[in-house]
Amino acid sequence: MKRTQNLGEVNEKLTGKEVKLVGWVDTIREHGNVMFLDLRDRYGKIQAVITKKSLDFAKAKELTIESCISLEGEVKLRPKGSENKELSSGKVEIKIDKLEIFSKAEPLPFEIGREDVSEDLRLKYRYLDLRRPKMLKNLELRYKIIKFIRDYLDEENFLEIQTPILTKSSPGGARDYVVPSRVHLGKFYALPQSPQQYKQLLMVAGVDKYFQIAPCFRDEDARADRCPGEFYQLDLEMSFVEQEDILELTEKMFLSMIKKILPDKKLTFQKIQRLTYEQAMKKYKTDKPDLRKNKDDPNELAFVWIVDFPLFEEEKTEGHYAPMHHMFTKPKDSDLKDLNEKDAHKVKSDQHDLVLNGFEVGGGSIRIHDPKIQEKVFDLIGFDKKQKKEFEHMLTAFKYGVPPHGGIAPGIDRLIMALLGEASIKETIAFPKNREAKDVTMDAPSEITKEQLDEVHLKLVEKKIKKK
Ligand code: ASP
C-alpha cells in the first residue's frame, strides 16, 4: 500500500509515529520558511507542515490545490491553542520529511464546494464535484442503504434476480427509450420502464419472493425529484400475499434501516400512518401529503401510506379510462361488480403508495391474476386488438397456474433524497443527467457514424437549420 493509514485513522494516539499518508491538497498556506497544507481523502483531513530545512521544500512550493500527493513524516501534537476541534485529527499535525507528487492539478474550472457554480459546469467536471465531502458521504450512505436492503431481504428469503435491459416497448406508461435491432430489420428493443411484467412472470415461475435494485428508463421531463432518463428502484414482488403483508414488510425494513443507518432521524409517527386516497385528497388536497410536525427540522421523517386508490385516474373520452397506477393493479374484490364501461370510475383498487415528507417514494399493488379481469381492464383502457396482443405473453402465462401476487417498488434515488433532506435528487446520484437529459460528463447523447446507422438500418432525416 502507498499509505500506512487513511486520514480518518490519524489522531493523537499516533503521536511520535512515522506515517505515510496520501490524498488531495485541500488548502495551502505559506508563511515564508514554513508551509502548511491540509491533506484530504474520503475519510478525513489532516494538517501537515513542511519547513525550509526539508529537502522536499522546493517540491512543496510547486504544489497546487487538488494535486494528488503522498507525504511521509512524524505525527506531532499541535502547539497548545492551535488545535482544530472540527477534525478528528485536529490535535495533531504531520511534520513532512518526504513529499511525492503523484499528479499535479491544473487550475480548477471551479472552486470545489462553491455554491454559485452552474450545474452544467459541475456535471461536466463531476469527478471534481464529487470530491466534496458531502457528496462522498451521500454516495457512502446510498451504498449502505442498498446493502441494508439486500441483507434484510436476503434474511427474508428473497432472491435478487436481474431482468433484461433490452426488452419490449408496450403501450401505456411513459415514453420509451428505444434501441434499434441490427439482426431484425425495422424492429426495436425498448429499455424497461420498470421490470413489472418480468417480476410477475417470475411469480408464475414459482420464485415466490423476488427483488432487484433495478435500473428503470423513462423518457420524461426533469423535476426536482426526478432526473430524466434513468433511475433505480427497489423492485419487489411476492406470491401468496395480502396487501397488508407488503405494507408490513416495507415498513419494518425501512424503519429498521433508518434506525441503523440514520440514527439521528426522528420519526413523526413510530408506526407508519395510513390514509385512504379520499381522506388525503379531502384533507390535504394531494395524495402526497407532507405530515411533518415541523417542516424546518431537517431530521424529521413523516411516512404515510396512501391506500384505497381509485382503479382509474379519469374517464377519458369515449368511455375509456387511464389506470391510476398501472394496468396490472387488482380492483378490490368488493368492487368487481362495477368493472364495466358505465361504473368503472367507482372501482377502488389494491394500490398502495408510500409517501415521505411530501414525496411519493414508492408505489405498488396486489396484481390481477385472473386473465378475464385483466382483459376487461385492457378493454376499459381502450386497448385495441393490436395493443392487447403486446401483452399476450402475460395472458398466456396466467393460463398455467399463476399464484396471487403483489409488490411495490420504492425509488432508490428519491427515497434517499427525501431521507437526507436534499433539495435536488442529483445529490444522491454519482453521474446524473442534466435537465435536458444529457450526460454532460461524457457528452451523451452523441452522434454515431454512418456505418453504425447502416448496421441498424437507420437513416437520419436531415434537420433543416433555419438561417437567420
Ligand atoms: N412497477 C411499478 C412502478 O414502477 C411498481 C409496482 O407496481 O411494483 O411504478
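Coordinates for the structure precede this section.
Quick look at the structure, then.

Rules and cut-offs
Residues numbered from 1 in each chain as written. Predicted model: local features only at pLDDT ≥ 70, side-chain atom pairs only at ≥ 80, totals over all residues. Heavy atoms only, no water. Disulfide = S-S within 2.5 Å. Buried < 20%, exposed > 50% of the residue type's maximum accessible area, 1.4 Å probe, protein only. Pairing = 2+ DSSP bridges. Helix = DSSP H or I, 4+ residues; strand = E, 2+ residues; numbered from the N terminus. Axes fitted to C-alpha atoms, helices over the stretch in contact; angles between N-to-C directions. Near = heavy atom within 4 Å. Polar contact = N/O pair within 3.5 Å; in protein donor to acceptor, adjacent residues only side chain to side chain. Areas by Shrake-Rupley, 256 points an atom, 1.4 Å probe, with all protein chains shown as cover. Nonpolar A, V, L, I, M, F, W, Y, C, P; charged D, E, K, R; others polar. Contact = heavy atoms within 4.5 Å. Salt bridge = Lys/Arg side-chain N within 4 Å of Asp/Glu carboxyl O. Parallel < 35°, antiparallel > 145°, perpendicular 65-115°, else oblique. Left-handed = near helix turned anticlockwise from the far one by under 90°. Core = buried A, V, L, I, M, F, W, Y, C linked by side-chain atoms within 4.5 Å.

## Brief notes about the state of the cysteines
- Counted according to the given criterion, the structure contains 0 disulfides.
- We note that Cys216 lacks a disulfide partner, and the nearest cysteine sulfur, in Cys227, lies 14 Å from it.
- A relative accessible area of 0% means that Cys216 is categorised as buried.

## Focus: the sheet that holds strand β5 (residues 92-103)
- Ordered by their spatial adjacency, 5 strands build a closed barrel running β1-β2-β3-β5-β4, and the pairing between neighbours is mixed. For this sheet, the mean inter-axis angle between neighbouring strands, taken without regard to orientation, is 55°.

## Considering the pairing of strand β10 (residues 229-239)
- Of all 11 residues making up β10, 9 are buried, and the element is well covered by its neighbours.
- Pairing of strand β9 (residues 209-218) with β10 involves 10 bridges; the strand directions are antiparallel. When the sheet's bridge partners are listed, Ala214 is paired in β10 with Gln233.
- Sheet topology places β10 next to strand β19 (residues 405-410); 4 bridges connect them, and they run antiparallel. Opposite Ser239, over in β19, you have His405 as the bridge partner.

## Describing the site of the ligand
- Contacts to the ligand come from Ser194, Gln196, Lys199, Arg218, Gln233, His325, His326, Gly363, Gly364, Arg367, Ile408 and Ala409.
- In the environment of the ligand, an oxygen atom lies 2.7 Å from a nitrogen or oxygen atom belonging to the side chain of Lys199.
- One of the side-chain N or O atoms of Arg218 is found 3.0 Å from an oxygen atom in the ligand.
- Alone, the ligand offers 270 Å² of accessible surface; in the complex the protein occludes 90% of this.
- Broken down by secondary-structure element, the contributors of at least two residues to the shell around the ligand are α5 (196-204), β18 (359-366) and β19.
- Grouping the amino acids of the shell around the ligand by side-chain chemistry returns 2 nonpolar, 7 polar and 3 charged.

## Describing the environment of Ala322
- Mapped onto the secondary structure, Ala322 falls in strand β16 (residues 321-323).
- In this structure Ala322 comes out as buried when scored by relative accessible area, which is 11%.
- Taking the C-alpha atoms as reference points, Ala322 and Gly173, separated by 149 residues in sequence, lie 9.9 Å from one another.

## Details of the environment of Gln162
- For Gln162, the position within the fold is in the loop between β6 (159-160) and β7 (178-180).
- Under the relative-accessibility criterion, Gln162 is labelled exposed at 60%.
- Measuring from C-alpha to C-alpha, the distance between Gln162 and Ala214 comes to 7.7 Å, with 52 residues separating the pair along the chain.

## Here we look at the side chain of Glu237
- Tracing the sequence through the fold places Glu237 in strand β10.
- Looking at Glu237, its side chain comes within polar contact range of the main-chain nitrogen of Gly407, at 3.5 Å.
- Among all residues touching Glu237, those that are not within four sequence positions of it are Phe158, Lys199, Gln200, Met203, Asp208, Lys209, Tyr210, Arg367, His405, Gly406, Gly407 and Ile408.

## A closer look at the pattern of salt bridges
- The final tally for this structure, using the stated rule, is 52 salt bridges.
- Close ionic contact of Lys45 with Asp26 constitutes a salt bridge, the shortest N to O distance being 3.1 Å. In this pair, Lys45 sits in strand β3 (residues 44-51) while Asp26 sits in strand β1 (residues 18-31), placing the two residues 19 residues apart along the sequence.
- Residue classification places Lys45 among the partly exposed positions, given a relative accessible area of 28%.
- The structure contains a network of salt bridges with shared partners spanning Arg122, Arg126, Asp129, Arg132, Lys134, Glu422 and Glu427.

## Points about the packing of helix α4 (residues 133-155) against helix α6 (residues 243-261)
- For the pair α4 and α6, interaxial distance at closest approach is 10 Å and the crossing angle is 135°. Between α4 and α6, the angle falls in the class oblique. The two elements α4 and α6 meet at a crossing, and its hand is right-handed. Packed against α4, whose contacting residues are Leu141, Lys144, Ile145, Phe148, Ile149, Tyr152 and Leu153, the element α6 presents Leu249, Lys252, Met253, Phe254, Ser256, Met257, Lys260 and Ile261 at the interface.

## Focus: the nonpolar core
- Counting 40 residues, the largest nonpolar core has Ile149, Leu153, Leu234, Leu236, Met257 and Leu419 as its most contacted members.
- Elements represented by at least two residues in this core include exactly α4, β9, β10, α6, β14 (303-307), β17 (351-356), β18 and α11 (412-420).
- Element by element, the count of residues in this core is highest for α6, at 9 residues.
- When residues no more than four places from it in sequence are discounted, the contact partners of Leu153 are Phe158, Phe211, Leu234, Leu236, Leu249 and Met253.
- Residues Val19, Ala60, Ile94 and Ile96 belong to the second largest nonpolar core, which totals 22 residues.

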